[in-house]
Amino acid sequence: AWTERDVLLGDLNLTPSSPRFMRLLERTELLDSLVGHGRQPSYWRFPRLPRTLGVPIDHVLHGSAIRVAERRTFALPGSDHAGVRVEAIAAGAVP
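Residues numbered from 1 in each chain as written. Predicted model: local features only at pLDDT ≥ 70, side-chain atom pairs only at ≥ 80, totals over all residues. Heavy atoms only, no water.

*Asks:* Go over the sheet that holds strand E3 (residues 58–62) with me, naming the residues and quoting the values.
*Replies:* Strand pairing within a sheet occurs via backbone hydrogen bonds; the two strands may be parallel or antiparallel. Judged by pairing direction, the sheet is antiparallel, and its 3 strands sit side by side in the order E1-E3-E2 without closing on themselves. A single partner strand is all that each edge strand has here, and the edge strands are strand E1 (7–11) and strand E2 (31–32). When E2 meets E3, the two strands line up antiparallel, connected through 2 bridges. Looking across to E3, one finds that Asp32 is bridged to Leu61. Contacts from helix H1 (residues 19–28) reach E1, E2 and E3 within the one sheet, and its direction differs from that of E3 by about 20 degrees. (Pairing = 2+ DSSP bridges. Helix = DSSP H or I, 4+ residues; strand = E, 2+ residues; numbered from the N terminus. Contact = heavy atoms within 4.5 Å. Axes fitted to C-alpha atoms, helices over the stretch in contact; angles between N-to-C directions.)

Okay, here's the thing in C-alpha cells:
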C-alpha cells in the first residue's frame, strides 16, 4: 500500500487525461505534482516542432503529506524527453 509520504516518479507513458492514469491515482491515492503548475510537456516525438506541442508523460506522484512548492521541466540534451524537477516540502511547512 502507498502511504502519504511515498513518491512515484518516472516515464509512465500516460497523459494526465488518460483513464489508466486516473485509475492509477485512484488506486494509489497519490497526487499529481503537475496539478496547479500549468501544462508542462515532457515528451515530443518530432524534434523540429516546438516542445510546447509535446505531451506530459513523465510524472512525479506524491502522497498527501507532501506539497509541491515548485515544478518545472528542463531540457535533457540528446533525449526526446524533458527532465522533471519538483521541489517538495512537508504539507504543513511554509516554503
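Next, the rest of the story.
*Asks:* Could you give me a rundown of unusual backbone geometry, with the residues and numbers involved?
*Replies:* Trans peptide bonds make up most of the peptide bonds, and negative phi angles are found at most residues other than glycine. Even without being glycine, Asn13 reaches a positive phi, approximately 55 degrees. When you line up the elements, Asn13 lands in the loop between E1 and H1. A residue is classified by how much of its surface remains accessible, and Asn13, at 55% relative accessible area, is exposed. Of note, the phi angle at Glu29 is positive, near 60 degrees, even though the residue is not glycine. Structurally, the position occupied by Glu29 is in the loop between H1 and E2. We classify Glu29 as exposed; its relative accessible area is 66%. (Buried < 20%, exposed > 50% of the residue type's maximum accessible area, 1.4 Å probe, protein only.)

*Asks:* Before we move on, could you go through the environment of Arg51 and cite the residues and values that matter?
*Replies:* You can see Arg51 is positioned in the loop between E2 and E3. Considering only alpha carbons, one finds Arg51 and Ala69, 18 residues apart in sequence, at a separation of 24 Å.

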